[in-house]
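The lines below spell out each chain.
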Amino acid sequence: MQYYTAPMEGLTDRIWRQAHQRWFGAPGAPARYYAPFLSPPENRVLIKKKMAELDPAANPGAPVIPQLLAKDGALAAWMVTELRRLGYTEVNLNFGCPSGTVTAKGKGAGMLRDPAKLEAFLDEFFSRTEGPVSVKTRLGVTRPEEFDAILDIYNRYPICELTIHPRVMRQLYRGEADRAAFAACLPRCRMPVCYNGDITTPAQLAALEAEHPTLSGIMVGRGLIADPALLRQAVGGAPASKEELRGYLDELYHGYTALFGASSCAVSRMKAHWHYLICQFEGSEALEKQLRKAREGWEYEVVVNQIFTLPLK
C-alpha cells in the first residue's frame, strides 16, 4: 500500500512540500506528493510564475506528480509533453475538483456532466500522448449511480491509477464520503485504484487498508494538513511533537514571506493551514478567533506564540 498527499489549491504548494518532507516525511510516507492543478495555457505559452511550482530545482527529493485541469484533450496532451521535458513521468488528470469557478467552465468534476464529452476528451488525449497517466475523479455530479457510466469510460483507456473521491460534485466537501458506493464500484475497476476522502487518523487509514487490501494507494488531504505526522504514524513513526510543529510552521511562514515578499501576505496563507491544524491544541478556541483577525505579521506572530503555550491534545 502506498500513501499519497492530495493536491490542495493554496495549501500543498512547493513551500509546503519541502517543509512537510523535512519535518514529517518518512520512507514511503508519502510515496508521492500530488501537486495542485495546473491549467495548460490556450496559447501554449508557459507562464514562468506558474511553472515555478513544478521546477525540479524547487522540489528536491520530493516525489512530485503534476496535476492537469483541462477540457481540451489535445491541449492537455501538449502540456504533458512539456511536463515530461522537465523530467516528470506520471501526470494526473483532474476530474474531481468541485469548485464552482472550475466546474462552470466544464473542467474538473464538471467534466462528469456529459460522459460523451469526457470520452471525447480521453480519446483525443490518449491518441496524442504515451506514458503513465493517472486520473482523480468523483462519483458523478448529483448521484453516485452516475459512476457506472463514467467507470465504463475510464475502463477503456490505459489509466495507470484511478483515485476515487467518493462524493459527487454537488456535495463539495460536505457530508460523508460514500464508502459503500466506493466498495461497490471497486471490483469493476480494471486499473489500480487509490482511495481519497475523510481519512483523518492513522486508525482510520489502517481500517481502510484492512477493508480494501487490494488498493494501490490511499491519498490524504485535509487530514494531513490537520496532522502533518499522520502518514509517518501510519508506517510506525511518532506523532507530531510541539517542537516539530513549531519548526514546521515557522518554516512555512518564513518560506511564504520570502515567496510573496511580505509577511502580511504570508499570514493569509498560514491562516489556511491553521484552519485545519489548530485542532491539535487544547483550549484553542479563543485564540483561533484572534488568529482569524490577524492581518499583519506581528499580529500573527503574537497569536501563534500564545497558541504554542497550550498543550497538544
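Residues numbered from 1 in each chain as written. Predicted model: local features only at pLDDT ≥ 70, side-chain atom pairs only at ≥ 80, totals over all residues. Heavy atoms only, no water.

Okay, the packing of helix 11 (residues 242-260) against helix 12 (residues 263-277) next. For the pair helix 11 and helix 12, interaxial distance at closest approach is 7 Å and the crossing angle is 145 degrees. Relative to helix 12, helix 11 is oriented so that their crossing is right-handed. Residues L245, Y248, L249, L252, Y253, Y256, T257 and F260 of helix 11 pack against S263, C265, A266, V267, R269, M270, H273, W274 and L277 of helix 12. Looking at the contact of helix 11 with helix 12 residue by residue, the classes come out as 13 nonpolar, three polar and one charged. (Axes fitted to C-alpha atoms, helices over the stretch in contact; angles between N-to-C directions. Helix = DSSP H or I, 4+ residues; strand = E, 2+ residues; numbered from the N terminus. Left-handed = near helix turned anticlockwise from the far one by under 90°. Contact = heavy atoms within 4.5 Å. Nonpolar A, V, L, I, M, F, W, Y, C, P; charged D, E, K, R; others polar.)

Per the counting criterion, the structure on display carries 15 aromatic pairs. Ring geometry for W274 versus F308: centroids 6.1 Å apart, planes at 80 degrees, classification edge-to-face. With W274 in helix 12 and F308 in the segment after helix 14 (297-307), this pair connects stretches of sequence that are 34 residues apart. W274 gets classed as buried once you look at its relative accessible area, which sits at 1%. We classify F308 as buried; its relative accessible area is 10%. Through a chain of ring-to-ring contacts, the aromatic side chains of F95, F121, F125, F126, F147, Y154 and Y157 assemble into a single cluster. (Phe/Tyr/Trp six-rings, centres within 6.5 Å; stacked < 30°, edge-to-face > 60°. Buried < 20%, exposed > 50% of the residue type's maximum accessible area, 1.4 Å probe, protein only.)

With that settled, the discussion passes to the layout of surface pockets. Approximately 820 Å³ is the volume attributed to the largest pocket. Around the largest pocket sit 40 residues that line it, and M8, Y173, G221, R222 and Y276 are the ones nearest its centre. Going through the elements one at a time, strand 6 (133-140), strand 9 (217-220) and helix 9 (222-226) are the ones with two or more residues in the lining of the largest pocket. Top contributing element to the lining of the largest pocket by residue count: helix 9, with three residues. In terms of residue class, the lining of the largest pocket is made up of 20 nonpolar, 13 polar and seven charged. In terms of lining, the second largest pocket is formed by 18 residues, of which the most central are E9, D13, K49, K50 and E53. Elements supplying a minimum of two residues to the lining of the second largest pocket: helix 1 (14-24), helix 2 (48-51) and helix 11. Grouping the constituent residues of the lining of the second largest pocket by class yields eight nonpolar, two polar and eight charged. (1 Å grid on protein atoms, 1.4 Å probe; cavity = no way out; pocket = protein on both sides within 12 Å on 5 of 7 lines; lining within 4 Å. Points joined across faces, edges and corners; volume = space filled by probe spheres on them.)

Keep in mind these numbers describe shape, not what the thing actually does.
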